[in-house]
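Secondary and tertiary structure notes
Here are the chains, one letter per residue:
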Amino acid sequence: MDVWRMSTGMRGKYSLCVAMLKDPEVLFLDEPLLGLDFEAKEQLRHLLKKLNEEGTTIIYTDQQLHEVEKLCKNAVIIDQGMKMYDGPMARLKERYRDADVLELRCRSSGINALLNELKRKYRFITDSEIVESKDNVHEIKLFTSVDGAQVLTKIANFMHDRNVVVEKLNAGTLSLEDVFMKFLHKNKDHENAK
């Protein structure tokens, strides 16, 4: 059978099987979960963790930072050819532990003015990011300098007082993607757009 006629997911599984036949000390993987269904991704994550525990060093590259976060103990982050970070994943997230993130989904016609007013009123909101916006429904990340869970009520009341319908409001910690986009990535076009 011609391997290149297989689906993306099947080619990925096949390539990984071939790579592991020789029981390598170092295994290089480039986006190995691409094209796999949920169950196959879980199986492959489990297999990769087991291989690593048994002594195989895995060099893993992926654009999906949430996958990197699930699998890797250490990270090297490279942006436009420059090394931004090299070390343990836990230390990277610990470095930015003073920032929490609130995830907000709301309905509002003047979202930019609303966010500016929110930041002026509450100094603990250090920044905001509109993740997605369609038909006046906005997915927003609010970055805070305090424990996000402690300020949920303040944010909800602020929105309520301005007749903004809040569909979701969650407190959490920064993901690896948040750390990269907020603190490491220096995208001049994004900064200029702000």
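Starting from 1, residues in each chain are numbered consecutively following that chain's sequence as written. It should be noted that, the model being predicted, local features are given only for residues of pLDDT at least 70 and side-chain atom pairs only at 80 or more, the latter also being counted only at that level, while totals for whole chains, interfaces and linings use all residues. Each side-chain value is derived from all of the structure's non-hydrogen atoms; neither hydrogens nor water enter the calculation.

Where helix α5 (residues 111–121) contacts helix α6 (residues 152–161), the axes come no closer than 12 Å and their chain directions differ by 135 degrees. In terms of axis orientation, α5 runs oblique to α6. As α5 runs across α6, the sense of the crossing is right-handed. Contacts from Leu114, Glu117, Leu118 and Lys121 of α5 reach α6 at Ile155, Phe158 and Met159. Angles shown run from 0 to 180 degrees and are taken between the N-to-C directions of axes, each axis being a line fitted to C-alpha atoms and, for helices, limited to the stretch in contact. Note on conventions: DSSP H or I runs of at least 4 residues are helices, E runs of at least 2 residues are strands, and numbering of each starts at the N terminus. By definition in this entry, angles of less than 35 degrees are roughly parallel, angles greater than 145 are roughly antiparallel, angles of 65 to 115 are roughly perpendicular, and the rest are oblique. Each helix crossing is assigned a hand: it is left-handed if the near helix lies turned anticlockwise from the far helix by less than a right angle, otherwise right-handed if that turn is clockwise. Note on contacts: a residue pair qualifies if any of its non-hydrogen atoms lie within 4.5 Å across the two residues.

What follows concerns a negative patch on the surface. On the surface, Asp23, Glu25, Glu53 and Glu54 cluster together into a negatively charged patch. On the accessibility criterion, glutamate 53 (67% relative accessible area) is exposed. Residues enter patches when their relative accessible area tops 30% and they take part in no salt bridge; the joining distance is 9 Å for like charges and 5 Å for the nonpolar side chains Val, Leu, Ile, Met, Phe, Trp and Tyr. Residue-level accessible areas treat just the shown protein chains as cover; the underlying method is Shrake-Rupley with a 1.4 Å probe. A pairing counts as a salt bridge when a side-chain nitrogen of Lys or Arg comes within 4 Å of a carboxyl oxygen of Asp or Glu. His is not counted, nor are the chain ends; Lys and Arg add positive charge and Asp and Glu add negative charge. The atoms used to mark charge sites are NZ of Lys, CZ of Arg, CG of Asp and CD of Glu. In this scheme, a residue with accessible area under 20% of its type's maximum is buried, one over 50% is exposed, and one in between is partly exposed, where area comes from a 1.4 Å probe on protein chains only.

Following the sequence through the fold, tyrosine 60 ends up in strand β2 (residues 57–61). Exposure remark for tyrosine 60: the relative accessible area of 12% places this residue in the buried category. Counting along the chain gives 32 residues from tyrosine 60 to phenylalanine 28, while the straight-line C-alpha distance between them is 6.2 Å. Discounting chain neighbours no more than four positions away, the residues touching tyrosine 60 are Leu29, Pro32, Leu33, Leu48, Glu67, Val68, Leu71 and Cys72. Polar contacts involving the side chain of tyrosine 60 include one to the side chain of aspartate 62, which spans 3.0 Å. Under the rule applied, a polar contact is a pair of N or O atoms within 3.5 Å (in protein, one hydrogen donor and one hydrogen acceptor; residues adjacent in sequence only if both atoms are side-chain atoms).

Honestly, it's all geometry; don't read function into it.
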